[in-house]
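These are the residues of each chain, in order.
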Protein chains: 2
Amino acid sequence: AGLIGNTLLQQLRQQKEYLRQEQHINLNLVALANSKKMRFELDGLDIDQDKDALLATGETSEVTQFIARMKELNLPNSIFVDCTASNIAIGHYEDILNASISIATPNKIANSDSFAQYQKLKQAALIHGVKFLYETNVGAGLPVINTLKDLQNSGDKIHKIEGVLSGTLSYIFNTFDGTTPFSEVVKEAKAKGFTEPDPRDDLNGMDVARKILILAREVGWPLEPDQVQVENILPGPCLLANSVDDFFIALEQSNDVFQQKIQEAQQAGKKLCFIAQLDNGEAKVKLESVDQSHPFYTLRGSDNMIAFTTERYKNQPLVIRGPGAGADVTAAGVFAEVISVRRFLGQSSSKFNLKSPQKP
Amino acid sequence: AGLIGNTLLQQLRQQKEYLRQEQHINLNLVALANSKKMRFELDGLDIDQDKDALLATGETSEVTQFIARMKELNLPNSIFVDCTASNIAIGHYEDILNASISIATPNKIANSDSFAQYQKLKQAALIHGVKFLYETNVGAGLPVINTLKDLQNSGDKIHKIEGVLSGTLSYIFNTFDGTTPFSEVVKEAKAKGFTEPDPRDDLNGMDVARKILILAREVGWPLEPDQVQVENILPGPCLLANSVDDFFIALEQSNDVFQQKIQEAQQAGKKLCFIAQLDNGEAKVKLESVDQSHPFYTLRGSDNMIAFTTERYKNQPLVIRGPGAGADVTAAGVFAEVISVRRFLGQSSSKFNLKSPQKP
């Protein structure tokens, strides 16, 4: 948390000259905020300075103030970039779009809450001719949502989407081969910094559920969060444990459950995969065993993978694979969207507002 | 040949209403031509009619005339779509871009000829603020060139690109497992319509060479066509044969060569793959054996696959996979570009000129 905004700022610094010279694109950072400070500069902030230096002379940060000021400035081609993982700015999105300001964000909250909110934001963007962009909500820098949009705009019909959408769960189930107890694999993943502080926040599948919900809505299914069927893979005692330490004790005592699953899978020549699936009007998140003929069988490390089976990609799906998390690839995905907004709005320069990390 | 333009017209017909209602995008076909007839209609042609009906009342087709007329009309947001595989319009591209008309084309010829020509077209588009788009040059509808552009614009550094870029050669080497002679596999591929009329036009690797050349240039390497190192996999007599029948006789007599290659690969636990590679300033096209750890090991059918190893996607590459040929996915890729030009130019409607099939 906090890292993405900073990384985006670095990428902007590094690419500014290239984009100006090679692509005739001028980007201008006119506002920057974190949870403590915010700063506005109509002529553009000097991005050769780092975030802390830029904000040192700022005022006290207040999100309502920030957005009011941004609207007041009324700059053409303005883009609001929310790099937080919090809900602090979410309630303002509609207001921002209504002010003809585009939004680019890796933040999943707005799109994975009620369908009514999702639809309201899409409509606001459409009506005001601006963009609401969130490619990095699924697969970070991997081209998932844009690929889906292009397929649909050209009239392809989506039959099925399958994805391994959590780098953490991909790593855990790619590593777990039965030679080491499941609890050890999870412990090791936590030690490597691959999991949330409480690994149950990964293992409960809720983050994956939010991602498949967003894809379902992109496909045109007006699903609510509780309509995503999430398989609970953790035995009761693991869920009830009151601390992370207690959770690991409970998980150790549940190792047999996972040992049995991996053995059954392996005896059938299969491997375990934590899969999100959209099929036949239903969105599901579940632990499955896949055989050698399945694209996910070859997954390694913490890769994400997503397979679109469509009217045109019917016999063999269109598959995208690669690391689906990390500040650098996420920021790069947001950066590509900032550039695309500039292009969409069709001018040679663009002012943009970077709502930066909450936890700097 | 000829199929892509027709398919694009069908997709346009099918999607026109959806795009107007759901995306506020109006597309207007103001000109259409094939090798025999051409027709202009300032208010837009009635695309509910099929191509033959539309062209029935047309004038005699003449490419110079077509382009002169298109320039005369001087419509805002105009896009020229070259769906031919011929070079008939290539010499006019620069002129078209200079007239502030964007181009979208699956035709590889313009980009795989001299570097000077490639650069001239890119510059013309940049200077006139229009787009020169050719995503479908590599991998048809798969998001290859756009993904590469997004990586580069956000400052990623491309270390290596590896691709299986020919559906035909993918099919041949995915099918050839040593149980059937190589010549039979090629014959079967031809019978299924997967190869060019003379399969040597696939097996000589020149089409793949053009694709990797285009990717090299996108990465920023000013390569000329003769700088792509293409491994010749066909023994002399196959190359010298004067007819397709004679070629197959020569290929039969060369089966041992391929049998030995597949056996060596299999004994090492590998499979044969016809790979295009960009690495360390060099572009190569070659038959290689890859082991289980390589993403291409899992290729099946006639899938294309492309792996980008970059500064950010370093440990695990970003991989895109799927069918990389076919009129429907190619036309869909062109369609997505037509829509993106509309967006880039930032207006709610767009006139476009479809230079349709040469061989209808």
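Residues numbered from 1 in each chain as written. Chains lettered and ligands numbered in written order. Predicted model: local features only at pLDDT ≥ 70, side-chain atom pairs only at ≥ 80, totals over all residues. Heavy atoms only, no water.

## Examining the interface of chain B and chain A
So, point 1. Contacts between chain B and chain A engage 45 residues on the former and 45 residues on the latter.
So, point 2. When chain B packs against chain A, the two sides together hide about 3900 Å² of surface, and 51% of this comes from carbon and sulfur.
So, point 3. When the area that chain B buries against chain A is broken down by residue, the three leading residues are Asn153(B), Arg312(B) and Gln316(B), summing to 17%.
So, point 4. Linking chain B to chain A there are 0 salt bridges.
So, point 5. Scanning the region where chain B abuts chain A turns up 16 residue pairs in polar contact (both at pLDDT 80 or more).
So, point 6. Contributing elements (two or more residues each) for the side of chain B that touches chain A: helix 1 (3-23), helix 7 (145-153), strand 12 (318-323) and helix 15 (327-345) of chain B.
So, point 7. Relative to strand 12 of chain B, strand 12 (residues 318-323) of chain A runs antiparallel, the two sharing 3 bridges. Looking at the pairing, Val319(A) lines up with Arg321(B) of strand 12 of chain B. (Contact = heavy atoms within 4.5 Å. Buried area = accessible area lost by both parts, 1.4 Å probe. Salt bridge = Lys/Arg side-chain N within 4 Å of Asp/Glu carboxyl O. Polar contact = N/O pair within 3.5 Å; in protein donor to acceptor, adjacent residues only side chain to side chain. Helix = DSSP H or I, 4+ residues; strand = E, 2+ residues; numbered from the N terminus. Pairing = 2+ DSSP bridges.)

## Quick notes on the domain arrangement of chain A
Residues and elements named next belong to chain A.
So, point 1. Taken domain by domain, chain A comprises domain 1 (3-141 + 326-355) and domain 2 (145-323).
So, point 2. Tallying the contact residues gives 15 residues for domain 1 and 19 residues for domain 2.
So, point 3. Roughly 1500 Å² is buried in total at the junction of domain 1 and domain 2, and carbon and sulfur atoms are behind 60% of that figure.
So, point 4. Viewed at the interface, domain 2 and domain 1 are joined by 2 salt bridges.
So, point 5. Lys-122 serves as the salt-bridge partner of Glu-218, at 3.4 Å between the closest nitrogen and oxygen.
So, point 6. There are 9 residue pairs in polar contact (both at pLDDT 80 or more) connecting domain 1 and domain 2.
So, point 7. Put simply, the parts of the chain that give the side of domain 1 that touches domain 2 at least two residues each are helix 5 (109-112) and helix 6 (115-128).
So, point 8. Counting residues per element, the side of domain 1 that touches domain 2 draws most heavily on helix 6, at 4 residues. (Domains from an automatic or database assignment.)

## Remarks on the relation of the copies chain B and chain A
So, point 1. For the match of chain B to chain A, the screw axis carries a shift of 0.0 Å, the RMSD comes to 0.0 Å, and the turn is 180 degrees. Expressed as a symmetry operation, the mapping of one chain copy onto the other fits a two-fold axis. (Least-squares fit on C-alpha atoms with pLDDT ≥ 70 in both.)

## Brief notes about the packing of helix 8 (residues 167-175) of chain B against helix 9 (residues 182-191) of chain B
When two helices pack together, their arrangement is given by the angle between their axes and by how far apart the axes lie.
Residues and elements named next belong to chain B.
So, point 1. Relative orientation of the contacting elements helix 8 and helix 9 amounts to 140 degrees, with a least axis distance of 10 Å. Accordingly, the angle class assigned to the pair helix 8 and helix 9 is oblique. Crossing hand, helix 8 versus helix 9: right-handed. Contact residues: helix 8 offers Tyr-171, Ile-172, Phe-173 and Thr-175, while helix 9 offers Phe-182, Val-185, Val-186, Glu-188 and Ala-189.
So, point 2. Class assignment for the residues of the contact of helix 8 with helix 9 results in 7 nonpolar, 1 polar and 1 charged. (Axes fitted to C-alpha atoms, helices over the stretch in contact; angles between N-to-C directions. Parallel < 35°, antiparallel > 145°, perpendicular 65-115°, else oblique. Left-handed = near helix turned anticlockwise from the far one by under 90°. Nonpolar A, V, L, I, M, F, W, Y, C, P; charged D, E, K, R; others polar.)

## Comments concerning the packing of helix 9 of chain B against helix 13 (residues 244-253) of chain B
Residues and elements named next belong to chain B.
So, point 1. It is the contact of helix 9 with helix 13, at a shortest axis distance of 8 Å, that shows an interaxial angle of 150 degrees. Between helix 9 and helix 13, the angle is such that the two are roughly antiparallel. When you trace helix 9 past helix 13, the crossing you get is right-handed. Every residue of helix 13 that contacts helix 9 at Phe-182, Ser-183, Val-186, Lys-187 and Lys-190 is listed here: Val-244, Phe-248, Leu-251 and Glu-252.
So, point 2. In terms of residue class, the contact of helix 9 with helix 13 is built from 5 nonpolar, 1 polar and 3 charged.

## Brief notes about the packing of aromatic side chains
Both the distance between ring centres and the angle between the ring planes are used here to describe each pair of aromatic rings.
So, point 1. Per the counting criterion, the structure on display carries 22 aromatic pairs over all chains.
So, point 2. With centroids separated by 6.0 Å and ring planes inclined at 65 degrees, the aromatic side chains of Tyr93(A) and Phe132(A) adopt a geometry described as edge-to-face. With Tyr93(A) in helix 4 (residues 93-98) and Phe132(A) in strand 6 (residues 132-133), this residue pair connects regions lying 39 residues apart in the sequence. Both residues of the pair, Tyr93(A) and Phe132(A), belong to the buried class.
So, point 3. For the pair Phe132(A) and Tyr134(A), a centre-to-centre distance of 4.9 Å together with 55 degrees between the ring planes defines the contact as tilted.
So, point 4. Tyr134(A) sits in the buried class, given a relative accessible area of 1%.
So, point 5. Three or more aromatic residues joined by ring pairs form one cluster here, namely Phe173(A), Phe176(A), Phe182(A), Phe258(A) and Phe274(A).
So, point 6. Here the guanidinium or amino end of Lys149(A) rests over the ring plane of Tyr134(A), the centre of that ring lying 5.8 Å away.
So, point 7. Note that Arg69(B) overlies the ring of Phe40(B), its terminal NZ or CZ placed 4.8 Å from the centroid. (Phe/Tyr/Trp six-rings, centres within 6.5 Å; stacked < 30°, edge-to-face > 60°. Buried < 20%, exposed > 50% of the residue type's maximum accessible area, 1.4 Å probe, protein only. Lys NZ or Arg CZ within 6 Å of the ring centre and 35° of its normal.)

## Observations concerning the pattern of salt bridges
Pairing between side chains becomes possible if they bear opposite charge and their charged atoms approach one another.
So, point 1. Summed over the entire model, instances satisfying the criterion amount to 34 salt bridges over all chains.
So, point 2. By sharing partners, the salt bridges in this structure join Lys108(A), Asp207(A) and Lys211(A) into a single network.

## With respect to the sheet that holds strand 7 (residues 158-164) of chain A
So, point 1. As summarised here, the arrangement of the 12 strands in space is 8(A)-10(A)-9(A)-7(A)-11(A)-12(A)-12(B)-11(B)-7(B)-9(B)-10(B)-8(B), forming an open sheet in which the pairing is mixed. Single-partner strands in this sheet number two, and they are strand 8 (228-230) of chain A together with strand 8 (228-230) of chain B. Ignoring strand direction, the axes of neighbouring strands in this sheet form an average angle of 20 degrees.
So, point 2. Sheet contacts for helix 8 (residues 167-175) of chain A: strand 7, strand 9 (271-279), strand 10 (282-290) and strand 11 (303-310) of chain A; angle to strand 9 of chain A, the most-contacted strand, approximately 145 degrees.

## Section: the side chain of Asp82(A)
Residues and elements named next belong to chain A.
So, point 1. Examined against the element boundaries, Asp-82 turns out to sit in strand 4 (residues 79-82).
So, point 2. A residue is classified by how much of its surface remains accessible, and Asp-82, at 0% relative accessible area, is buried.
So, point 3. Polar side-chain contacts of Asp-82 include one of 2.7 Å to the side chain of Thr-84.

## Let's talk about the pairing of strand 11 of chain A
Residues and elements named next belong to chain A.
So, point 1. Burial within strand 11 is extensive, with 8 of its 8 residues counted as buried.
So, point 2. Burial of strand 11 is two-sided: the residues Asp-303, Met-305, Ala-307 and Thr-309 facing one way and the residues Asn-304, Ile-306, Phe-308 and Thr-310 facing the other way are all buried.
So, point 3. Strand direction decides the pairing type here: strand 7 and strand 11, joined by 6 bridges, are antiparallel. Along strand 11, the bridge assignment pairs Ile-161 with Phe-308.
So, point 4. Pairing of strand 11 with strand 12 involves 6 bridges; the strand directions are antiparallel. From the neighbouring strand, Asn-304 faces strand 12, where its bridge partner is Gly-322.

## Some details on helix 1 of chain B
Residues and elements named next belong to chain B.
So, point 1. Helix geometry: helix 1 is bent most strongly at Gln-15, by close to 50 degrees.
So, point 2. Burial in helix 1 covers these residues: Gly-5, Thr-7, Leu-8, Leu-9, Gln-11, Leu-12, Gln-15 and Leu-19.
So, point 3. In the stretch just after helix 1, His-24 is the one whose phi turns positive, near 55 degrees. (Bend = angle between axes of the 7 residues up to and from the residue.)

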